[in-house]
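Residues per chain, in single letters:
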Amino acid sequence: MNVIVYGLINSLLLVLIAMGFALAYSVSRVPNFTHGALYVLTGYLTWIFLNGLGLSYWFCILLSIFCVTAIGWFIYQLVVIRVRGMPTSEIIVTFAISLAILELLRWRGLRGATYVLPVFHRSTILIYGVPVDSQRIMAMLITAVIVLALWLFTHHTKVGLGLRAIAQNERAALLLGIDSDGAATLALSLGSALAALAAITILPLGNINVATGYDVLVSAIAVCICGGLGSWTGTILAGFVIGFAQMIVVYFIAPHLAMVVALAAVILILIFKPSGLFGRQKELEERV
Amino acid sequence: MKKILALIILLSLVLGVGMAGAKPIVIGVAIDTQILDGFATIRGINLAVEEINAAGGINVKGEKRPFKVEIMDTRDCEPGVPVSEALLVVEKTILDKGADFIIGPNRSEAALASLGLVSNYKKIQLLTSGALSPKFHETIAENYNKYKYAFRITGESRFMVNEAMDLLGGLNGKYGINRMFVLVQDVAFARAGGEIVSENLKKKGWEILGYERYPTGTSDFSAGLLKARDAKAQILFVMGDMADFSILINQWNDMKIPALPFGNYLGPAMEPKFWQVTKGRAAYTIVNLVNAGNAPSNATPWTMKFCKAYEKKYGTEPEGYGTSSGYMAPYIIKDAVERAGTLDPDALVTAMEKTNLVGVYGRVRFDQKSHQIIPSLDPAEGAVGTIFQWQDGKRVVVYPPKIAMGEIKFPQWMTEYWKLKKK
């Protein structure tokens, strides 16, 4: 029962982490390697607003989500738009921005166990005899709400349908008058907002440190590649597959192999089904 | 009166100018400044240097010379332990910064690798924090002529293992506790520490119920904690310096696991602000601080004097491993230089080997072959360690008995579960 409960938690947290990356890629085809850096930056900004400016916690959360969303917008408009369509350059540029953000935070002293965010509510709940803290329960609920909200947005709003159109076929969408760059900007901004939401939900479980940025990026990429770049269903399913696989390995084999599971999943998927579980990149499969 | 005042002013000017004009003795600090061991050490060094310079500096055969500190970040405690980069920084500290003495690096891997480099330049090297592997001083003893310039002025993992064995033995004797689950960071010193303590306790009849290694960056320790709970562990033996261990302590408290966390080196839990960071969930966590003086105690008359001076300068109690040993490093150097009367490295080696002074964490003497500081449970005889427990927001020293300021306590849920009573 320990494995089932914490496997479910782990899976949903992975989905929460990966959603922003998946959204940004599916619409703009830009692999946003700043994802992890924005995650950590959100935590740091919230901490600064809370402890430096003494603002209320909820206002700090909203303000930092807004700031990170804006940063995502700027990253696309000022940098990525100039290299869009050149995949290697997109990766280099976004990774360089990620390094710059994380190393700047390191230089500013983001280290140790000092930088922590308060949990939303402190209590422990027993689920079939397995103790789970309320922050993890809330993270699961928030993930479910966000997935539902995104589904509703992309299926029942004009803007969301536009994003889906771009994701399905950019040229056809352009012919219908949907602005590709506008959609990409929106996707990257929303992706950044989702990274920020993930940070606000998950970071109170531990502390804010620079290394987390790299771990989050690797996890997001692993889930998206396994699920299929551009596929929502794939991302969610891959989150569950990797989440449970990690928990089984941690519980029955060894905890230090947890990251190996994610990376091994990527390797296996690229060997046996390069487009991912639900990927639509047939060109890649045909080439391989 | 006016003449006396004028004379005093003149003398101060002369001395000041004399010292200001004197070539400083450079302490090159090549350590990872991003971790507690690193920045706590730097703060200790800076405090000592300030005090020494304010008192007139170091008397080198009649000439008063001040200390100067040059700091360079080796980043050797990062994942992957970039040893080659750390060595470049050590060399740069010697060549570019003109260091007369080297303090650092932190990680055992980097410290061992630096032995050859530093000895080639014939610089006295002091290890004040990190590098807990016994291999360091064993290497010096095996190659004395080559590595004689290196000294370790702090404890190492074998001392810490002995201290852990003694303290846990005490709990066994008093309360009948004998079931342990081991959770360590996946780095060399922690793995070794966990294995050695487990093996030794097994010989004494303890049950070691599990051994798990967690990589740096782990954000969920639920699996290990639940296994410990299901296996009915009474002690959680934790070892490592990663900040993520604060998550383990939070989860331990939230889950009310009926086992006492014993951190035989638990990086984040050493700091005074850990209580605030965990919002009190650190209560009952036991932590080994390696040297006395890293938390307030009355180990020697100098200990509390140091703690108060540190708090006055930095607004906090000594922060953890490296603070008191970093503070002692300039004083040990000063003592050796003044006795040797020279900065000649070979003369300094002889002087260092004859060191015998009562410092912040007890008597400072070195083994003549391995240059390891001699440990003891009595500060009058040797360097003492410190193990404390978080109680009501304070770090209460509970070991060694000679300097203890309180007794070990248990959380209520553990006392009720195990029906703990003193024998």
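Here, residues in each chain are numbered from 1, in the same order as that chain's written sequence. Think of it this way: whatever chain is written first is A, whatever ligand is written first is 1, and the rest follow in order. Residues qualify for local features only when their pLDDT is at least 70, as the model is predicted, and side-chain atom pairs are given and counted only at 80 or more; totals for whole chains, interfaces and linings, by contrast, use all residues. Working from all heavy atoms in the structure, the side-chain values ignore hydrogens and water.

A.B. asks: What am I meant to see in the overall build of chain B here?
C.D. replies: Each helix is a run of DSSP H or I of at least 4 residues and each strand a run of E of at least 2, with the numbering of both proceeding from the N terminus. If you tally the helices and strands in chain B, you get 16 helices and 16 strands. For a compact globule of 423 residues, the expected C-alpha radius of gyration is about 22 Å, and chain B comes in at 22 Å, within 12% of that figure. Principal axes of the C-alpha set define a box for chain B whose edges measure 75 × 50 × 35 Å. For every residue, the accessible area obtained with a 1.4 Å probe (protein chains only) is divided by the maximum for its type, and the residue is called buried under 20%, exposed over 50%, and partly exposed between those limits. Considering chain B as a whole, with its 423 residues, one finds that 61% of them fall into the buried category. A contact between two residues is defined here by any heavy atoms of the two lying within 4.5 Å. Pairs at least 24 residues apart make up 71% of the contacts formed inside chain B by residues separated by at least 6 positions. Throughout, radius of gyration means the C-alpha value; the globule benchmark is 2.2 Å times the number of residues raised to the power 0.38.

A.B. asks: Can you walk me through the interface of chain A and chain B in this structure?
C.D. replies: By a widely used convention, the size of an interface equals the accessible area lost when the partners come together. Across the boundary between the two partners, chain A contributes 26 residues, which contact 34 residues of chain B. Two parts placed together each lose some accessible area under a 1.4 Å probe, and adding up what both lose gives the buried area. Ranking the residues of chain A by area buried against chain B places Arg111, Arg122 and His256 of chain A at the top, with a combined share of 22%. A side-chain nitrogen of Lys or Arg and a carboxyl oxygen of Asp or Glu constitute a salt bridge if their distance falls within 4 Å. Applying the counting criterion to the chain A and chain B interface returns two salt bridges. One salt bridge in this structure joins Asp220 of chain B and Arg136 of chain A, with 3.6 Å as the shortest N-O distance. Within 3.5 Å is the distance limit for a polar contact, defined as a pair of N or O atoms, with the added protein rule that one can donate a hydrogen and the other accept it, and that residues adjacent in sequence qualify only through two side-chain atoms. Across the contact surface, chain A and chain B share 10 residue pairs in polar contact (both at pLDDT 80 or more). Elements with a minimum of two residues in the side of chain A that touches chain B: helix H1 (2–28), helix H4 (87–107), strand S2 (130–133) and helix H10 (232–252) of chain A. Along the lines of polarity and charge, the residues of the side of chain A that touches chain B split into 10 nonpolar, nine polar and seven charged. Residue type decides the class: Asp, Glu, Lys and Arg count as charged, Ala, Val, Leu, Ile, Met, Phe, Trp, Tyr, Cys and Pro as nonpolar, and the leftover types, Gly among them, as polar.

A.B. asks: So what exactly am I meant to see when it comes to the sheet that holds strand S15 (residues 387–391) of chain B here?
C.D. replies: The strands making up a sheet are joined through hydrogen bonds of the backbone, oriented either antiparallel or parallel. Residues and elements named next belong to chain B. When DSSP locates at least two bridges between a pair of strands, those strands are taken to pair. The strand order across the open sheet built from seven strands is S9-S8-S10-S11-S12-S15-S16, with neighbouring strands paired in mixed fashion. The sheet is open, and its two borders are formed by strand S9 (207–214) and strand S16 (394–399), each paired with just one other strand. Looking at each pair of strands side by side, their axes are set apart by 25 degrees on average, direction ignored. Inspection of the sheet shows strand S12 (residues 286–288) paired to S15 by three bridges, in the antiparallel sense. Note that in S15 the partner of Asn288 across the bridge is Ile387. Note on definitions: angles span 0 to 180 degrees between N-to-C directions of axes, and those axes are lines fitted to C-alpha atoms, for helices only across the stretch in contact.

A.B. asks: Can you walk me through a nonpolar patch on the surface in this structure?
C.D. replies: Together, Leu237, Val241, Leu277 and Phe278 of chain A make up an exposed nonpolar region whose accessible area comes to about 320 Å². With respect to the helices, strands and loops of the structure, Leu237 of chain A is situated in helix H10. Like-charged residues are merged into a patch within 9 Å and nonpolar side chains (Val, Leu, Ile, Met, Phe, Trp, Tyr) within 5 Å, provided each residue has over 30% relative accessible area and no salt bridge. The protein chains shown are the only cover counted for residues, whose accessible areas, like all others here, come from Shrake-Rupley with a 1.4 Å probe.

A.B. asks: Please clarify how unusual backbone geometry should be interpreted in this entry.
C.D. replies: Leaving glycine out, the prevailing phi sign among residues is negative, and the prevailing peptide bond configuration is trans. Residue and element names in this part refer to chain B. The omega angle of the peptide bond from Gly104 to Pro105 is -10 degrees, so this bond is cis rather than trans. The amide bond that connects Tyr399 to the next residue, Pro400, takes the cis arrangement and shows omega of 5 degrees. As for its position among the elements, Pro400 is in the loop between S16 and helix H16 (412–418). A positive phi angle, close to 45 degrees, is found at Ala131, a residue other than glycine.

A.B. asks: Looking at this model, I keep getting lost on the pattern of salt bridges. Mind explaining?
C.D. replies: When the charged atoms of two side chains with opposite charge come close together, those side chains can pair. Taken as a whole, this structure holds 24 salt bridges over all chains when the rule is applied. As a salt-bridge pair, Glu138 of chain B and Arg158 of chain B come within 2.9 Å of each other at their nearest N and O atoms. One end of the pair, Glu138 of chain B, is in helix H5 (residues 135–142); the other, Arg158 of chain B, is in helix H7 (residues 157–175), and 20 residues separate them in sequence. With a relative accessible area of 27%, Glu138 of chain B lands in the partly exposed category. Judged by its relative accessible area of 38%, Arg158 of chain B is partly exposed. The structure contains a network of salt bridges with shared partners spanning Glu103 and Arg106 of chain A together with Arg75 of chain B.

A.B. asks: How do you make sense of the packing of aromatic side chains when you look at a structure like this?
C.D. replies: Given two aromatic rings, their pairing is described by the distance between the two centres and the angle made by the two planes. Residue and element names in this part refer to chain B. Ring pairs shown here join Phe, Tyr and Trp side chains whose ring centres sit within 6.5 Å, with only the six-membered ring taken for Trp; geometry is labelled stacked below 30 degrees between planes, edge-to-face above 60, and tilted in between. For the coordinates displayed, the defined rule picks out 25 aromatic pairs over all chains. Note on Phe151 and Phe366: the rings are 5.2 Å apart at their centroids and 70 degrees apart in plane angle, and the pair reads as edge-to-face. Taken together, the residues span a long stretch of sequence, with Phe151 in strand S7 (residues 150–152) and Phe366 in the loop between strand S14 (362–364) and S15 at a distance of 215 residues. With respect to class, Phe151 is no different from Phe366; both count as buried. Three or more aromatic residues joined by ring pairs form one cluster here, namely Trp302, Phe306, Tyr310, Tyr314, Tyr327 and Tyr331. For a lysine, the NZ atom is tested; for an arginine, the CZ atom; a charge sits over a ring if that atom is within 6 Å of the ring centre and within 35 degrees of the ring normal. For Lys256, the ring lying beneath its charged end belongs to Trp413, and the centroid distance is 4.9 Å. Between the NZ or CZ atom of Arg395 and the centre of the ring of Phe388, over which it lies, the distance is 5.8 Å.

A.B. asks: Quick question: what am I supposed to make of the side chain of Asn207 of chain A here?
C.D. replies: Inspection of the secondary structure assignment puts Asn207 of chain A in the loop between helix H8 (180–202) and helix H9 (210–227). A polar side-chain atom of Asn207 of chain A sits 3.0 Å from a polar atom in the side chain of Asn209 of chain A. In this structure the side chain of Asn207 of chain A is engaged in a polar contact, spanning 2.8 Å, whose partner is the side chain of Ser246 of chain B.

A.B. asks: Can you help me understand the confidence of the model for chain A in this one?
C.D. replies: Any region with low pLDDT has predicted coordinates that should not be read closely. Residue and element names in this part refer to chain A. Mean pLDDT over chain A: 88, with 97% of residues reaching 70 or higher. Every residue gets a pLDDT, meaning the predictor's confidence in that residue, from 0 to 100. At the level of individual helices and strands, chain A shows its lowest average pLDDT in helix H12 (residues 282–287), which scores 47, and its highest in helix H2 (residues 35–52), which scores 94. In the model, residues 283–288 has pLDDT below 50 throughout and makes five contacts with residues more than four positions away in sequence or in other chains.

A.B. asks: Any chance you could explain the sheet that holds S7 of chain B here in plain terms?
C.D. replies: Residues and elements named next belong to chain B. Overall, parallel pairing links the five strands, which are arranged S4-S1-S5-S6-S7 in an open sheet. Since the sheet does not close on itself, it has two edges, and those belong to strand S4 (67–73) and S7, each with one partner. Strand after strand, the sheet turns through a mean of 20 degrees between neighbouring axes, direction not considered. Of the pairings in the sheet, the one linking strand S1 (residues 25–31) to S4 comprises seven bridges and is parallel in character. Along S4, the bridge assignment pairs Val29 with Ile71.

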